[in-house]
Amino acid sequence: MKSNIFLSSLSKDQKEFLNLLDLTAKVHREVKPVESDNSEPVWQTDFFHLDNSDLWNSLSLKKQRSVLLKLGEKIFQEAYFIEYAGMSYAAKMNLVSKSKEEREFFCFVAEEEAKHLRLIESFGNFSVASENISSFALLVGEIIHEANRPSHLLLIQILLEGWGLSYYKNLSKFSRNETVAQVFKQILKDEIRHHSAGVLLFAQIKETPAFTDQDQTEFLSFLERIAFMVKIGPWNLCDEVFKHVKHPTKEKLRTFLEECNGVVVTSEKMQLLEQLLEKNLPDKVLKIIREKRILDPMTLDEMTEALSQSISGTFQLVEDRK
Ligand SMILES: [Fe+2]
Ligand SMILES: [Fe+2]
């Protein structure tokens with residue numbers, strides 16, 4: 001078995017530490033998911049809105065399968081790194097807690113994030129090499145390392161964990177693998193509490209001097225970066241699909257985005273972000289967000305342009321050849 005080969009390369013102390021870790025997880029009632037067949041794509045065309053796309057349907061079944069497998073791998077990979085970041089987040093919030101109760105809460109959160117990470121990890125079949133960390137997960141890591149408590153509460157617990165609720169719900173709903181569906185459902189239950197705690201803790205400082213002008217500036221600059229990553233549209237999907245398209249052009253990308261409803265699906269995501277913030281932010285900060293149009297969705301032309309420029313050279317090459 002693969003794990004035996006891996007373990008045999010570890011030192012005696014490391015092996016003993018792993019045993020201790022497993023024992024600790026067991027004492028904390030870790031539930032391991034039942035083994036399941038993960039050779040088939042977990043998320044299929046309905047999840048990615050591909051059913052009405054002529055461009056997608058023109059790809060061979062073999063190519064379609066390989067794209068769906070790759071996209072599934074990226075979903076697991078991102079969830080893995082986000083849960084990993086969740087452990088650091090809980091530790092950081094623990095240290096800056098304002099009360100004994102808050103500290104207790106973040107100790108439990110840390111345990112839950114470790115369990116989430118181990119659940120995602122159990123599906124294997126995806127690379128955890130650091131060069132595969134998505135730019136979104138990198139940004140989350142940067143926020144955790146650099147931001148202050150108000151930005152943490154707003155960006156991580158209110159915005160990202162709040163958004164994660166609908167994302168994990170969808171991952172569970174559209175999963176063709178029952179074990180994967182159950183795991184995301186299980187994680188979701190914890191994330192609901194994490195999000196609610198963020199809402200309650202931020203409410204205590206929302207209209208007070210503890211949410212300083214500097215905090216607001218920090219929050220807005222990170223928000224702008226998060227919003228751009230969302231509003232650019234289905235980056236991973238286009239990246240994977242267009243690797244298999246002969247002569248990729250901007251026009252084909254534009255048509256594909258139309259066929260898979262890219263603008264509408266992305267606008268809904270932006271609306272969700274806005275709703276989460278509307279409920280929690282002071283009016284003056286909401287006003288700045290609207291004035292700067294931070295959460296405004298892109299038009300089809302803007303999305304086509306932004307994606308064609310950012311996807312690994314695919315489209316530039318075609319433009320160059322003209
Ligand atoms: Fe989590
Ligand atoms: Fe969480």
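What counts, and where the lines are drawn
- Residues numbered from 1 in each chain as written.
- Chains lettered and ligands numbered in written order.
- Predicted model: local features only at pLDDT ≥ 70, side-chain atom pairs only at ≥ 80, totals over all residues.
- Domains from an automatic or database assignment.
- Contact = placed C-beta atoms within 7 Å.
- Helix = DSSP H or I, 4+ residues; strand = E, 2+ residues; numbered from the N terminus.
- Nonpolar A, V, L, I, M, F, W, Y, C, P; charged D, E, K, R; others polar.
- Core = buried A, V, L, I, M, F, W, Y, C linked by C-beta atoms within 7 Å.
- Buried ≥ 20, exposed ≤ 12 C-beta atoms within 10 Å, placed from the backbone.
- Axes fitted to C-alpha atoms, helices over the stretch in contact; angles between N-to-C directions.
- Parallel < 35°, antiparallel > 145°, perpendicular 65-115°, else oblique.

Student: Describe the domain arrangement of the chain, with residues and values.
Tutor: Domain annotation of the chain identifies domain 1 (66-211) and domain 2 (216-322). Taken residue by residue, the interface counts 24 residues in domain 1 and 19 residues in domain 2. Residue assignment for the side of domain 1 that touches domain 2 shows that the elements contributing at least two residues are α4 (61-95), α6 (135-146), α7 (149-174) and α8 (178-203). For the side of domain 1 that touches domain 2, the element with the highest residue contribution is α7, accounting for nine residues. Counted by class, the side of domain 1 that touches domain 2 contains 15 nonpolar, five polar and four charged residues.

Student: I'd like a description of the nonpolar core, backed by residues and values.
Tutor: Among the nonpolar cores identified, the biggest contains 72 residues, and Leu155, Leu159 and Cys238 are the most heavily contacted of them. A per-element tally of this core places α4 first, with 14 residues. Both domains that furnish three or more residues to this core are identified here as domain 1 (66-211) and domain 2 (216-322). The contacts of Cys238, once residues within four sequence positions are left out, are Leu253, Phe256, Leu307 and Ile311.

Student: If you had to explain the packing of helix α9 (residues 213-231) against helix α12 (residues 262-278) to someone new, which residues and values would you point to?
Tutor: Contact pair α9 / α12: the axes reach a minimum separation of 9 Å and the direction vectors enclose 155°. It follows that α9 is roughly antiparallel to α12 by the angle criterion. Contact residues: Ala227, Val230 and Lys231 in α9; Thr266, Lys269, Met270 and Leu273 in α12. Among the residues making up the contact of α9 with α12, the classes are represented as four nonpolar, one polar and two charged.

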